[in-house]
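Chain by chain, the residues run as shown.
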Amino acid sequence: MVSKVLASPTKYIQGAGELSRIKNHISRLNGPFLFIMGGFAYNNLKSIIEESFKDSNATIIFEKFGGECSGKEIDRLRTLYVSHNCTVVVGIGGGKTLDTAKGVSYFEGGPVISIPTIASTDAPTSAISVTYTEDHVFDGNLLLPRNPELVLVDTDVIMNAPVRFLVAGMGDALSTFYEARANAASDHENFAGGKSTKTSFALAKLCYEILIQDGLKAKWSVENKICSKELENIIEANIYLSGIGFESNGLACAHSIYNAMTVLPQCHQMYHGELVAFGAIVQLVLEKRPDVEIAEALNFCVSVGLPVTFSDLSELTLTDEDIMKVAVAACSPDSFMDSEPFKVTPDMIFSALMSADALGREFKKHHIVQ
């Protein structure tokens, strides 16, 4: 019998102004620390970290992230990590920055700390690093031996990020329950090396419930720079619940569609979670879910501004040939389509993609968001 396994970061801290207290949170790890920082973080948050460590003897090395979580970028940062005798890597930024920090941790064996500056993906909590080629085509996953030592979320930083990031995070989180359900039905193993637990499935379901209940109000909160209860809930759902939910339950069709969409250059301007949201609709269609469930997902996506049609994904027309490329790529051995509780073929995915687009167009034409 395969064991049940739930994976999670050692500690998750969320609150206003937490970045200013970073020394108190991580100094027990001693260092030296290599801080890998996204462009915004490097330009705007470095001084907050320096102020927190001003009375400390800790060695801190700041390095700006190169922009793509690729093998080349990870190797560049590993060289810095080794040359400065670092023992801890800290990622501060969006999902690619954090995945790159985790990539360094994977090869060098030290602990990693995740500090997201946006709530756009569930990357901060996981022991998985998603890598790409230099021209942004999905290249595979690195599976770390352990999850981040700490996930530190400063809600003031998240609140002041562009609202599109929060919405994209909701798109990523939307698939969590759908994909957990598929994995439970197929009895598939999760990323933690076992079967899902009742707890991890419950967290995935809670993630979905929070999105439906608080998603639109959280979007309004960011637009008006108000740190509301709903925004706090959505930040937790986007980062923690979705992170635990996907890693400890598994991925399926929705993320397979995301991976496959990266083969189309005309979709490269879309964020991860935006493509995943469309993939979630495709998954519901593929699984022949009830109309009321598909309508709820469409209503959520349209209300917060997530894509539900091909024209939402690209200003250029996506041809049948483009869609078939996606369908074939989504069924490749590197995808997660085998987590579905039935055999899936490219023709089935092509049909589901076309149907999802048609449903999205019809829904947007006739529905008034409540």
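Scroll up to find the structure this text is about.
Residues numbered from 1 in each chain as written. Predicted model: local features only at pLDDT ≥ 70, side-chain atom pairs only at ≥ 80, totals over all residues. Heavy atoms only, no water.

**Looking at the overall build of the protein**
Stage number 1. Of regular secondary structure, the protein possesses 15 helices and eight strands.
Stage number 2. On C-alpha atoms alone, the protein measures out to a radius of gyration of 20 Å, which is about the 21 Å that the 2.2 N^0.38 rule sets for 370 residues.
Stage number 3. Dimensions of the protein along its principal axes, counting C-alpha atoms only, are 60 × 45 × 45 Å.
Stage number 4. The contacts in the protein between residues at least 6 apart in sequence include a share of 79% that link residues at least 24 apart.
Stage number 5. Surface exposure of the protein reaches about 15,000 Å², of which carbon and sulfur atoms provide 52%.
Stage number 6. The protein carries 30 positive and 44 negative side-chain charges, and their two centres are separated by 4 Å. (Helix = DSSP H or I, 4+ residues; strand = E, 2+ residues; numbered from the N terminus. Rg over C-alpha atoms; globule rule 2.2 N^0.38 Å. Contact = heavy atoms within 4.5 Å. Areas by Shrake-Rupley, 256 points an atom, 1.4 Å probe, with all protein chains shown as cover. Lys, Arg positive; Asp, Glu negative; His and termini not counted. Charge placed at Lys NZ, Arg CZ, Asp CG, Glu CD.)

**Examining the nonpolar core**
Stage number 1. Counting 70 residues, the largest nonpolar core has Leu166, Met261, Ile349 and Leu353 as the members making the most contacts within it.
Stage number 2. In terms of residue count, the dominant contributor to this core is helix 11 (residues 272-286) (10 residues).
Stage number 3. Those residues in contact with isoleucine 349 that sit more than four places away from it in its chain are Cys253, Ile257, Leu286, Ala327, Ala330, Cys331, Met337 and Val344.
Stage number 4. Formed by 21 residues, the second largest nonpolar core is a distinct cluster that contains Ile22, Ile26, Ile49 and Leu150. (Core = buried A, V, L, I, M, F, W, Y, C linked by side-chain atoms within 4.5 Å. Buried < 20%, exposed > 50% of the residue type's maximum accessible area, 1.4 Å probe, protein only.)

**Some details on the side chain of serine 70**
Stage number 1. When you line up the elements, serine 70 lands in the loop between strand 3 (60-64) and helix 4 (71-83).
Stage number 2. Here serine 70 is in contact with Tyr132 and Glu134, once residues within four sequence places are set aside.

**Focus: the state of the cysteines**
Stage number 1. Evaluated as defined, the whole model comprises zero disulfides.
Stage number 2. Looking at cysteine 227, it has no disulfide partner, and the nearest cysteine sulfur is the one in cysteine 207, 18 Å off.
Stage number 3. The exposure class of cysteine 227 is partly exposed, given its relative accessible area of 34%.
Stage number 4. No disulfide involves cysteine 331; its sulfur sits 8.2 Å from the nearest other cysteine sulfur, which is in cysteine 253. (Disulfide = S-S within 2.5 Å.)

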